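Examining the three-dimensional arrangement
Each chain, written out:
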Amino acid sequence: MSIIQVDTIQKRDGSTFPIGKIGQVLHTDTTTQVSTTSSSYSQYTQLNRTITPTSTSSKILVQVSLSFFLLGSNYNDAGFQITQGGTSIANYGFAGYKPDSTSALAFSPVFLQTLHSPSSTSELTYGVKYNQPQGTETLIITYQGGSTGEQQRSSITVMEVLA
């Protein structure tokens, strides 16, 4: 068996390779069901998560996992935003078609992710907003119950990426 030990690895020009490090990892999950038929965005408060960066050069990696259903007509869509302080920093849309108006269209789970550069060492709150863009159909997030007793879970993870 061979062992290679080095103190540093450099590029040919003498510069070093950038190495990112994770400073903090904070996670929140919920089984709280929310729903809307509104085209206005609502904050999913159960998925708010705060983090205080240790440096103004840190970035915050935000990862969100959501399970949701769309009920209504044959064509449905849903809108999501990752927010910081209630303000959108990333937008996502999902659209689908189902063969009839009596069945549900399930997206489970979906994964949203963004890398934010807040340039701050103050406490920051990240979260998720949701809407049903047509304002006529029903969007259900983190569905609970039903005839088979399903229990879904949604989550948010925020990580400080050190410079």
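Residues numbered from 1 in each chain as written. Predicted model: local features only at pLDDT ≥ 70, side-chain atom pairs only at ≥ 80, totals over all residues. Heavy atoms only, no water.

**Some thoughts on the pattern of salt bridges**
Heads up, the condition is: Any Lys or Arg side-chain nitrogen found within 4 Å of a carboxyl oxygen on Asp or Glu counts as a salt bridge. Starting at the N terminus, helices and strands are each numbered in turn, a helix being any DSSP run of H or I of at least four residues and a strand any DSSP run of E of at least two. For each residue, the accessible area found with a 1.4 Å probe, counting protein chains only, is set against the maximum for its type, and the residue is called buried under 20%, exposed over 50%, and partly exposed in between.
Per the counting criterion, the structure on display carries 1 salt bridge. Arg 153 serves as the salt-bridge partner of Asp 29, at 3.5 Å between the closest nitrogen and oxygen. Here Arg 153 lies in the loop between strand E12 (150–151) and strand E13 (154–162) and Asp 29 lies in strand E1 (residues 21–30), a separation of 124 residues in the sequence. A residue is classified by how much of its surface remains accessible, and Asp 29, at 36% relative accessible area, is partly exposed.

**A short note on the environment of Ser 65**
Put simply, the rule reads: By the convention used here, residues are in contact when the closest approach between their heavy atoms is within 4.5 Å.
Counting through the fold element by element, Ser 65 comes out in strand E5 (residues 59–71). In this view, Ser 65 contacts Pro 109, Val 110, Ser 154 and Ser 155; residues no more than four positions away in its chain are not counted.

**Description of the environment of Phe 69**
Along the chain, the position of Phe 69 falls in strand E5. For Phe 69, a relative accessible area of 19% gives the class buried. When the C-alpha positions of Phe 69 and Tyr 143 are compared, they lie 7.5 Å apart, and in sequence the two are 74 residues distant.

**Examining the packing of aromatic side chains**
To describe a pair of aromatic rings, one takes the distance between the centres and the angle between the planes. Inclusion rule: Stacked, tilted and edge-to-face are the three classes applied to pairs of Phe, Tyr and Trp rings, where Trp contributes its six-membered ring and a pair requires centres within 6.5 Å; stacked means planes under 30 degrees apart, edge-to-face means over 60, and tilted covers the rest.
Counting across every chain of the model gives 5 aromatic pairs. Here Tyr 44 and Tyr 130 contribute two aromatic rings whose centre-to-centre distance is 6.1 Å and whose plane-to-plane angle is 80°, an arrangement assigned as edge-to-face. A residue pair is termed long-range when its members are at least 10 positions apart, and Tyr 44 in the loop between strand E3 (42–43) and strand E4 (49–51) and Tyr 130 in strand E9 (residues 124–131) qualify at 86 residues. The same class applies to Tyr 44 as to Tyr 130, namely buried.

**Let's talk about the nonpolar core**
Heads up, the condition is: In this text, buried Ala, Val, Leu, Ile, Met, Phe, Trp, Tyr and Cys residues form a nonpolar core when linked through side-chain atoms within 4.5 Å.
Grouped together as the largest cluster of nonpolar side chains are 25 residues, with contacts concentrated most on Leu 66, Phe 68, Phe 80 and Ile 141. Elements represented by at least two residues in this core include exactly E5, strand E6 (75–84), strand E7 (87–97), strand E8 (105–116), E9, strand E10 (138–141) and E13. If you tally residues by element for this core, the top one is E5, at 6 residues.

**Topic: a nonpolar patch on the surface**
The following threshold applies: Each patch is assembled from residues with relative accessible area greater than 30% and no salt bridge, linking like charges that lie within 9 Å and nonpolar side chains (Val, Leu, Ile, Met, Phe, Trp, Tyr) that lie within 5 Å. Surface accessibility follows the Shrake-Rupley procedure with a 1.4 Å probe radius. Residue values consider only the protein chains on display as shielding.
Together, Ile 4, Val 6 and Ile 9 make up an exposed nonpolar region whose accessible area comes to about 350 Å². Among the secondary structure elements, Ile 9 is positioned in the segment before E1. Taking relative accessible area as the criterion, Ile 9 reaches 55% and is therefore assigned exposed.

**With respect to unusual backbone geometry**
Despite not being glycine, Ser 119 shows a phi value in the positive range, around 50°. The residue Ser 119 is located in the loop between E8 and E9 in this model.

**Things to note about the pairing of E5**
Counted only if it meets this: A pair of strands counts as paired when DSSP detects no fewer than two bridges linking them.
Most of E5 sits out of view: 11 of its 13 residues are buried. The pairing of E5 with E13 spans 7 bridges and is antiparallel. Residue pairing in the sheet places Gln 63 in a bridge with Thr 157 of E13. The pairing of E5 with E10 spans 4 bridges and is classified as antiparallel. What sits directly across from Leu 70, in E10, is Leu 139.

**Some thoughts on the side chain of Ser 120**
Put simply, the rule reads: Throughout this description, a polar contact denotes any pair of N or O atoms lying within 3.5 Å of each other; where both atoms belong to protein, one of them has to be capable of donating a hydrogen while the other can accept it, and for residues adjacent in sequence the pair is counted only when both atoms sit in side chains.
In this fold, Ser 120 is placed in the loop between E8 and E9. Separated by 2.9 Å, the side chain of Ser 120 and the backbone nitrogen of Ser 122 make a polar contact. In this structure, Ser 120 is in contact with Pro 53, Ser 55 and Thr 56, ignoring residues within four places of it in sequence.

**Some thoughts on the confidence of the model for the chain**
Note the threshold: As a per-residue measure, pLDDT reflects the predictor's confidence and takes values from 0 up to 100.
In the predicted model, the chain carries a mean pLDDT of 87, and the fraction of residues at 70 or more is 85%. Here E12 is the element of the chain with the lowest mean pLDDT, 71, and E4 is the one with the highest, 98.

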